[in-house]
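Here's the letter readout for the chains.
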Amino acid sequence: MKILYIFFMSIPLIASDSSFNQEMQEYITQLKIEALKIDKNFEDFDMERGEKIFTTKHLGKRGKEISCTSCHSINLMEDGKNIFTNKEIKPLSPSVNKKRLSSVKEVKKWLRRNFKDVFVREGTPQEKGDVLYYINSK
Amino acid sequence: MKNILLVTCFIVTNIFANNYLFGASIGVKPVDNPLYLKECGSCHFAFQAGLLPSRSWTKMMKNLENHFGSDASLELEDQKYIEEYLTRYSADKSMEYKRSRKIMNLIKNNETPLRITKTLYFMKKHDQIPTKMIQQKEVLSLSNCMACHTTASKGIYSERAIKIPNYGKWDD
C-alpha cells in the first residue's frame, strides 16, 4: 500500500518533466539544485508563477514599460513581433513550434538576454524554471 | 599571353555575375553565413556586412550586452565567429560592390559609425522620405530595410524594388 502511494504521488513530478527532451531535463534538474541552494524550502517550479513573470510589465532596459508578452504576444501559439524592430518572432509554444525548448544553449541564451531586457537583471534559477514550465505548458 | 587573357576574362565575368542577378544590380554582397543569419537575423533584418566598415563591426561585436538598448550577448565562440565573418566582408573589403563603395567613400577615416542609418551615404539616400512614411507601424524606423526594399535580403537596394507600405513606389 505504501509503495502504491509513493508511486501515485510521484506521477505529477515525472509528468511535469517528461515533455522536455533529455538535455532540457538535465538543465531543469540543474536549475532545481541551484534553486534549492538559494531557498531550502524550494519544492518544484510552478507554471503559474511563470505566467506572472511572463505577463507582468516592468521598466525594461530601454526605459520603456514592457513584459515578455510585448514581443511574444499573449498567445504563445501565435507569431510574435519584436516591438523595437518589427521583426516577426516564431511562436514560443513547443506544441506548435518543435524547435522551442529543445536546445539548452538556445534556452540559456534567450533567458539571459530577455531577463536583462525586461527586468534589467538576470533571472534567478527559480524564475527561469518557472518560466520554462509556463512556456512548456502552452 | 593567352592565359592572361583567359584569366582576365574569367575575373571580369565573375565580378559581373556577382554584381548582377536577373538584371537587377546587387549593391552589396548578400549574407551567406547561416550562423550570422540565425543569430542576428532573429531580432532584426540581417544587415549585410558590406554596409559598414570593418572597424565598426569590431567595435559593435565587443559590446553585444548593450546592443542599441538590447542585450544581444552571445557565447564567446559564436561572437568571435560572427565578428570574423562581418570584418572579412565589411564595406572596406567589398569595394567591388556599388553600395559598399559609396558608403565607404563618405565615411571619414576617423569615423567609426555603429548605425548604418547614420552613415552619410544612407542619410543622403533617405533624407527626402516624409516622416509619416517611416513612422507608420508597418515600417517603424529606417533600420527596417525589408519594409520598403523588397529585395534587401538579396543585397539589392535599387529604386525600382522599393515599395513603401500604404504608399507604393518611390520616385526620387
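Residues numbered from 1 in each chain as written. Chains lettered and ligands numbered in written order. Predicted model: local features only at pLDDT ≥ 70, side-chain atom pairs only at ≥ 80, totals over all residues. Heavy atoms only, no water.

1. Quick notes on the overall build of chain A
Moving on, step 1. Counting secondary structure elements, chain A contains six helices and four strands.
Moving on, step 2. Counting from the amino terminus, helix and strand elements in chain A follow one another as α-α-α-β-β-α-β-β-α-α.
Moving on, step 3. The buried share of chain A, reckoned over its 138 residues, is 40%.
Moving on, step 4. Within chain A, contacts between residues at least 6 apart in sequence are counted, and of these 51% link residues at least 24 apart.
Moving on, step 5. Of the roughly 8400 Å² of accessible surface on chain A, a fraction of 58% belongs to carbon and sulfur atoms. (Helix = DSSP H or I, 4+ residues; strand = E, 2+ residues; numbered from the N terminus. Buried < 20%, exposed > 50% of the residue type's maximum accessible area, 1.4 Å probe, protein only. Contact = heavy atoms within 4.5 Å. Areas by Shrake-Rupley, 256 points an atom, 1.4 Å probe, with all protein chains shown as cover.)

2. Comments concerning the interface of chain A and chain B
Moving on, step 1. Contacts between the two partners involve 16 residues from chain A and, on the opposite side, 23 residues from chain B.
Moving on, step 2. Carbon and sulfur atoms make up 37% of the surface buried where chain A meets chain B, a total of about 1600 Å² over both sides.
Moving on, step 3. Our count for the chain A to chain B interface comes out at four salt bridges.
Moving on, step 4. A class-by-class count of the residues in the side of chain A that touches chain B yields three nonpolar, three polar and ten charged. (Buried area = accessible area lost by both parts, 1.4 Å probe. Salt bridge = Lys/Arg side-chain N within 4 Å of Asp/Glu carboxyl O. Nonpolar A, V, L, I, M, F, W, Y, C, P; charged D, E, K, R; others polar.)

3. Regarding the environment of Leu74(B)
Moving on, step 1. You can see Leu74(B) is positioned in the loop between helix H3 (54-61) and helix H4 (76-88).
Moving on, step 2. The exposure class assigned to Leu74(B) is buried, which follows from its relative accessible area of 11%.
Moving on, step 3. Considering only alpha carbons, one finds Leu74(B) and Leu64(B), ten residues apart in sequence, at a separation of 7.5 Å.
Moving on, step 4. In this view, Leu74(B) contacts Lys109(A), Arg112(A), Arg113(A), Glu39(B), Leu64(B), Gln79(B) and Ile82(B); residues no more than four positions away in its chain are not counted.

4. Re the nonpolar core
Moving on, step 1. Residues Tyr36(B), Phe47(B), Leu51(B), Ile82(B), Leu86(B) and Tyr157(B) are the most contacted members of the largest nonpolar core, which totals 29 residues.
Moving on, step 2. Looking at this core, the elements that each hand over two or more residues are helix H2 (34-41), H3, H4, helix H5 (98-105) and helix H6 (120-126) of chain B.
Moving on, step 3. Once you skip the residues sitting within four places of it in the chain, Leu86(B) turns out to touch Tyr36(B), Ala49(B), Trp57(B) and Met61(B).
Moving on, step 4. Membership of the second largest hydrophobic core comes to 26 residues, among which are Tyr27(A), Leu31(A), Cys68(A) and Val118(A). (Core = buried A, V, L, I, M, F, W, Y, C linked by side-chain atoms within 4.5 Å.)

5. Things to note about the confidence of the model for chain B
Moving on, step 1. Scored by pLDDT, chain B has a mean of 91; 88% of the residues are at 70 or more.
Moving on, step 2. Scored by ipTM, the complex comes to 0.85, with pTM at 0.85. (pLDDT = per-residue confidence, 0-100.)

6. A short note on the side chain of Asp78(B)
Moving on, step 1. You can see Asp78(B) is positioned in helix H4.
Moving on, step 2. Looking at Asp78(B), its side chain comes within polar contact range of the side chain of Lys105(A), at 2.7 Å.
Moving on, step 3. Beyond its immediate chain neighbours, meaning those up to four positions away, Asp78(B) contacts Lys105(A) and Leu35(B). (Polar contact = N/O pair within 3.5 Å; in protein donor to acceptor, adjacent residues only side chain to side chain.)

7. Observations concerning the environment of Met24(A)
Residue and element names in this part refer to chain A.
Moving on, step 1. By the element assignment, Met 24 lies in helix H2 (residues 22-38).
Moving on, step 2. Residue classification places Met 24 among the buried residues on the basis of a relative accessible area of 0%.
Moving on, step 3. Sequence spacing of Met 24 and Leu 101 is 77 residues, and the spatial spacing of their C-alpha atoms is 7.2 Å.
Moving on, step 4. Sequence-distant contacts of Met 24, defined by excluding residues within four places in its chain, comprise Leu 101, Ser 102, Ser 103, Val 104, Val 107 and Leu 132.

8. Points about H5(B)
Residues and elements named next belong to chain B.
Moving on, step 1. Of all the positions in H5, only Arg 99, Ser 100, Ile 103 and Met 104 are classed as buried. All buried residues of H5 lie within an arc of 130 degrees about the axis, which places them on one face of the element.
Moving on, step 2. In this structure, the buried side of H5 is in contact with H6. (Arc of directions from axis to C-beta.)

9. Side note on the pattern of salt bridges
Here the idea is simple: oppositely charged side chains can pair when their charged atoms come close.
Moving on, step 1. Scanning all chains against the criterion turns up 15 salt bridges over all chains.
Moving on, step 2. The partner of Lys90(A) in a salt bridge is Glu88(A), with the nearest N and O atoms 3.3 Å apart.
Moving on, step 3. Between Glu83(B) and Lys62(B) there is a salt bridge whose closest N-O contact spans 3.8 Å. Within this pair, whereas Glu83(B) is found in helix H4, its partner Lys62(B) is found in the loop between H3 and H4, the two being separated by 21 residues in sequence.
Moving on, step 4. Take Lys62(B): its relative accessible area is 57%, and that puts it in the exposed class.
Moving on, step 5. One salt-bridge network, in which partners are shared between bridges, spans Glu106(A), Lys109(A), Lys38(B) and Glu39(B).

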